[in-house]
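# Observations on chain architecture
Residues per chain are reported as follows:
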Amino acid sequence: MLTDGGNEGIGGWRFGGFVLDPLRRRLLHNGSPVHVDERPFDLLVLLASHHDRPLERREITTALWGARPVGDNTLRQLVYKARRAVGDDGERQSVIRTLHGRSMQWVAPLEAVETPAAGPRAAPPGATARHARARWWQAAVIALAILCIAIVSVRRADAPSHNKPLRLVVAPISNQTGEKSLDWIAQGLPGLLVGLLGQAGGIDLVDPLAAAREWRYRPQQGRTQEQQLRYATGATALIGGDLHKLAEGLYRLDLHLVVGDKAPVQITLTGGKPGALAADALPRIRHALRLDKPAVPSRLPHDAFLAEAYARGMDLVAHGKWNEAIEYFRLCARSAPDFLPAAYAFGVARYETDDVPGGEQTLQMVARQAKRQGDTHMLASALLQLGHLARTFDKNAQALQYLRQAAAATGDDNARTSIEVHALLADVLHKLQQPAASQSELRKARVIAAQHPDLVVARALLYDMEGSIAFDAGDLAGSVAADREALALRESLGDEHGVIVGMFNLANALRAMHRNADSLTLSADSYQRALAAGSLNMRFADGANLAASLVSLGLSRPAVAAAMRLTPLAEQLHSAEYQVLALQLRAMGEMQLGDFHAALVDLRKGDALVDVSKLEYATFLQQETYEAMASFEAEPPATVALSKAFDALADGHMHEDGYARRRAVLHALAAAAARRPVAARNYLREAAALPALPGDSDFELRMPSLLVALAGNDLEAAEIALKGYDPATTPDAGVLPLYVRWATQRGDKVNAARGRARLAVLRKQGIDALVATGLGPADPLAVPAPARAPAAMGGGI
C-alpha cells in the first residue's frame, strides 16, 4: 500500500483490476485499455496522487483548469466520466468518494507498480494551471516565421556528400538602373532565385522573406550588412548583386557568391528581362557551388513573363502587400501548376487576404501534390502553415495533427523548420492540457537548437515560446529567464522590433511577479524605442503596460495622463478594443484618485465601442466590472440596471464558467446599491470562493468589497476584502487609497498611517523609475525618447 501522498518515483498504481499509468497516459482494466478523455484522466491522476487526503472543489478546479472559472455542471460531468471509467458510480463510490458535497477523495486501495519507461514523466495536473499573459503579439511573431514563403531546403537524395547541406541566403539585389519601375527586383529576384534553386534541390536555402526582414536589422559589432545577414540566418554562403542598365531594354545582372571565407565568385548575365536573367543564373550558381549532380528541371516554365510575375509577387509580400501580390501568385499557380512555391504562396496570400477556407484548400492541395512529387520540404511547409491556421482559430486538435505530420516530413535536414515545428507543437499540446508532451516537444526543439547555435533567429523564437508556455503555466521565474534569453539574442541580431516585443514580454512577466517598478522601467524604455522605431502597435502595448504599472505604484495622475495619450494611438490603429482598454486604464487611475464620476464618464464612452461579438471576452467582463464599481459610488441606481443588463446578455451569449466570479461581484454591488447588505455579503463570499479569470487580480475582488464596506460601514464585507491583506507589505497600490479611507472611517489611525506610508514608498519607487528612464513624472508619454542603453539588459531587472 502507498503511504505517502505523492507519486514521485512511481510508475503507476493498481487498484482492483485496473492499472492507472500516468507516464503513458493510459488506464488498463484486466490488461485491456479503457478509453478515458484527457481531463477525466487528469482527475484520476490528481486524486490518486493525493489519496491520503480529501481535495476541496477549488483545489481540483485550479489544478485542472487553472484560473478559469468552472461551473458545477462541468465539474459534475467530469466526475461522472472519471467514475464511469473505473467502474464506479455516484451511489457506490468505491473509488472516488464525495465528502460533504464540496470535496472528493480517492478511497480505493492503491498498490504502486512499475511501468516501462515511456519518455518524460507526465507533469502533475497542477502544472497545467494557466495564468493570463498579454501575448497578443505572439501569433504575429510566429506567423512571420511561418508565413515566409518556404521554398527552401534539401531532399536527402540530392544532398552533397558533406555532413550538413550548404545553407545559402540571397541578399536583396540593388537596382542601379535608375529606373524606379524596376525597384521590384530588390526582393523579387532573391525570391525567384530561391524558388528555382529550391526546386533544383541540393541546398538549404534561407527563406527569402526571412532574409528580407533580417536585412533590415541593425548591423552589430562592426559587421557589414551582408555579414550581419549571414550571422542572423546562420548561412554559410551568400549571393548578392546589382542590376545595371546597359542600353534601352538591355540590362546586366552582376551576382557575387561568397562561400565561407573564400573569395567571391562573380556571375554576370546580360539580357532584356531581369526575371529571365535570374532564371538563367541557376545552372551557373549550381556549378559555382560544385553541385555536380544534374539539377532537377525547373517546374516554372522558362517564361520571362511568369518569372517576372512570380518575382513581383515576392517583392510585394516582402513589403506586406498581400492584396496586390495575390493576383501574381494566382497567375503563376494556374500557368505553372507543378511549380509548388507559387501555389504555396497563393494559398498563404488567400489566407492573408481573409479567404481562410480558400487558403486552407490551396495549402491542402499543395501538401497532396508535394507528397506525390516527393518534395518533403514543401510538404512540411504546407502542413506547418495548415497547423498554424488551425492554431490561430483555436482548432488545436486539428493543429496537432497537421504539426505532427509536418514534424515527420521535416526530418533532420532543415533544422530551422524543425525548431519551429516542435516549438509550435509544444504550444498546441500545452493548450490541449498535455504538459508532459508539451515539455517533450520543447526538449526536442532545444536539442536541435543546441546542435545549431548559428540559427539565432530560430533560437530566439524557441525562447519566445518557452516564455509564453512558462507564463501560462504559472512559472513566472521560468518565463522571465526565457524572455531574457530571447531578448539577448534579438539584441545581438540588431532586431529592433523583436527587442521591443521582447522588452514588452519581460515587463509583463515582471508585473505579474509584482515587480512593478522594474516593469515600469522596462516598459518606459520599450515605449521610447517603439516611438523611435515608428511602431504604433508596440507604442500602445508598452504605453498600456506602463500605465498599468503606474496604477500599481499609486501614481494615479501620471497613469491618467499616460492613458489619455493612448486614446489617439488606439484611434490611429482603428482598434475599438484598444480604445476601450485606454479608457479602462484612465478610469482605474481616476477611481484610485477617488473621482468615480470621471471614471464613470470614461467607462460609458467605452460602452459605446463595445461589440461583444468582436471584443475580447475578458475585456468585456473587465469593462462591466469597472463600470459597476464606478457607478456604485457615482450613481448607485445605475449599478442595479447594469447588473440586470449583464445578466440578460450573459444568459444569451456566454457560458456560465466564464463569468461566474465577475457576475457575483456585480450582483454584490447591485445588492448593496439597493440597500440589501446581507445579499451583498453573500454574493461577495460566493465571488471569493470562485476561481479568478485569467488576468484578474486582487483588485477585482478587494476593491468592490471595500466599496460595499465603506457604503454601509460593513465589517463583514471588509473582512472579505482584507482577508490575507497586509497594507504595510503589499506590492500593489491598487486598493491602498480605499484601505486608507476604510481605516480612517473606522477611526483606526495606526492602520491608516501604515497604508499612507506604503503608498509613499510605492510612489517613490515609481517616480525614481520614471526619472531613471528620462520620462516626466507628470505626463510620462509626452517626453521624446532620449538616446540611452536599454534597461532590459541591466542588472537590476
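Note that the structure is predicted; figures quoted are calculated from it, not measured.

Quick look at helix H11 (residues 340–352) now. Residues spaced three or four apart along an α-helix face the same direction, because each turn holds 3.6 residues. Relative to the 18 Å expected for 13 residues at 1.5 Å per residue, H11 spans 18 Å between its end C-alpha atoms, a close match to the ideal helical length. In terms of burial, H11 is a largely internal element, 12 of the 13 residues being buried. What H11 keeps buried is the set Leu340, Pro341, Ala342, Ala343, Tyr344, Ala345, Phe346, Gly347, Val348, Ala349, Arg350 and Tyr351. Positive phi shows up at Asp354, right after H11, with a value of about 75°.

This part takes up the packing of helix H23 (residues 576–592) against helix H24 (residues 596–607). Between H23 and H24, the shortest axis-to-axis distance is 8 Å and the interhelical angle comes to 170°. Comparing their axes, H24 and H23 come out roughly antiparallel. Side by side, H23 and H24 meet where Val580, Leu583, Gln584, Arg586, Ala587, Glu590 and Met591 of the first sit next to Phe596, Ala598, Ala599, Asp602, Leu603, Lys605 and Gly606 of the second. Per-class residue counts for the contact of H23 with H24 are 8 nonpolar, 2 polar and 4 charged.

The subject of this paragraph is the nonpolar core. The biggest cluster of nonpolar side chains holds 98 residues, and the ones touching the most others in it are Leu168, Ile285 and Phe329. Those residues in contact with Ile285, other than ones at most four positions away along the chain, are Leu193, Leu197, Ile239, Leu255, Leu257 and Ile267.

Right, let's get into the sheet that holds strand E1 (residues 12–15). Taken in spatial order, the 5 strands line up as E4-E3-E2-E1-E8 in an open sheet, and their pairing is antiparallel. Each end of this open sheet is capped by a strand with a single partner; those strands are strand E4 (32–34) and strand E8 (111–113). Going across the sheet, the axis of each strand differs from the next one's by a mean of 30°, ignoring polarity. Alignment of E1 against strand E2 (residues 18–21), held across 3 bridges, turns out to be antiparallel. Note on E2: the bridge partner recorded for Arg14 is Val19. Contacts between helix H1 (residues 38–49) and the sheet are confined to E1, E2 and strand E3 (26–29), with E2 contributing the most and set at about 95° to the helix.

With that settled, consider the pairing of strand E11 (residues 237–247). Pairing between strand E9 (residues 167–175) and E11: 6 bridges, direction parallel. Bridge assignment links Ser174 to a residue of E11, and that residue is Asp242. The sheet contact formed by E11 and strand E12 (residues 250–259) spans 10 bridges and is antiparallel. Bridge pairing in E12 links Leu243 to Leu253. Following E11, the chain reverses through 2 residues before pairing antiparallel with E12; Gly249 in that reversal takes a positive phi of roughly 80°.

Turning our attention to the sheet that holds strand E5 (residues 55–56). Pairing is antiparallel in the open sheet, where 3 strands are placed in the order E5-E7-E6. With partners counted over all chains shown, the strands left at the sheet margins are E5 and strand E6 (96–99), one partner each. Of the strand pairs in this sheet, E5 and strand E7 (residues 103–106) are connected by 2 bridges, and their pairing is antiparallel. Bridge pairing in E7 links Leu55 to Met104. Contacts between H1 and the sheet are confined to E5, E6 and E7, with E7 contributing the most and set at about 75° to the helix.

Right, let's get into unusual backbone geometry. Of note, His514 is a non-glycine position whose phi angle comes to about 65°, a positive value. Despite not being glycine, Arg675 shows a phi value in the positive range, around 60°. One can find Arg675 in the loop between helix H27 (660–673) and helix H28 (677–689).

Bringing the packing of aromatic side chains into the picture now. Scanning all chains against the criterion turns up 6 aromatic pairs. Seen in terms of ring centroids, Tyr310 and Phe339 are 5.2 Å apart; in terms of plane orientation they differ by 80°. Their pairing is edge-to-face. Of this pair, Tyr310 sits in helix H9 (residues 304–318) while Phe339 sits in the loop between helix H10 (322–335) and H11, placing them 29 residues apart in sequence. Of the two residues, Tyr310 and Phe339, both sit in the buried class. Here the aromatic rings of Phe540 and Tyr578 are separated by 4.3 Å at their centres, their planes lie at 5°, and the arrangement is stacked. Taken together, the residues span a long stretch of sequence, with Phe540 in helix H21 (residues 536–552) and Tyr578 in helix H23 at a distance of 38 residues. Both residues of the pair, Phe540 and Tyr578, count as buried. An aromatic cluster of three or more residues is present, and its members are Phe15, Phe18 and Trp106. Here the guanidinium or amino end of Arg223 rests over the ring plane of Tyr231, the centre of that ring lying 3.8 Å away.

Let's shift gears to helix H17 (residues 456–472). The first and last C-alpha atoms of H17 sit 25 Å apart over 17 residues, in line with the 24 Å expected at 1.5 Å per residue. In terms of burial, H17 is largely enclosed, as 14 of its 17 residues are buried. In the stretch just after H17, Gly474 is the one whose phi turns positive, near 85°.

On to the packing of helix H20 (residues 516–533) against helix H32 (residues 749–772), then. The contact between H20 and H32 brings their axes to 9 Å, and the two run at 25°. It follows that H20 is roughly parallel to H32 by the angle criterion. In the crossing of H20 with H32, the sense of the turn from one axis to the other is right-handed. Between H20 and H32, the contacting residues are Ala517, Leu520 and Thr521 on the first element and Gln765, Gly766, Ala769 and Leu770 on the second.

Each value, and the rule that gives it
Residues numbered from 1 in each chain as written. Predicted model: local features only at pLDDT ≥ 70, side-chain atom pairs only at ≥ 80, totals over all residues. Heavy atoms only, no water. Helix = DSSP H or I, 4+ residues; strand = E, 2+ residues; numbered from the N terminus. Expected span 1.5 Å × (residues − 1). Buried < 20%, exposed > 50% of the residue type's maximum accessible area, 1.4 Å probe, protein only. Axes fitted to C-alpha atoms, helices over the stretch in contact; angles between N-to-C directions. Parallel < 35°, antiparallel > 145°, perpendicular 65-115°, else oblique. Contact = heavy atoms within 4.5 Å. Nonpolar A, V, L, I, M, F, W, Y, C, P; charged D, E, K, R; others polar. Core = buried A, V, L, I, M, F, W, Y, C linked by side-chain atoms within 4.5 Å. Pairing = 2+ DSSP bridges. Phe/Tyr/Trp six-rings, centres within 6.5 Å; stacked < 30°, edge-to-face > 60°. Lys NZ or Arg CZ within 6 Å of the ring centre and 35° of its normal. Left-handed = near helix turned anticlockwise from the far one by under 90°.

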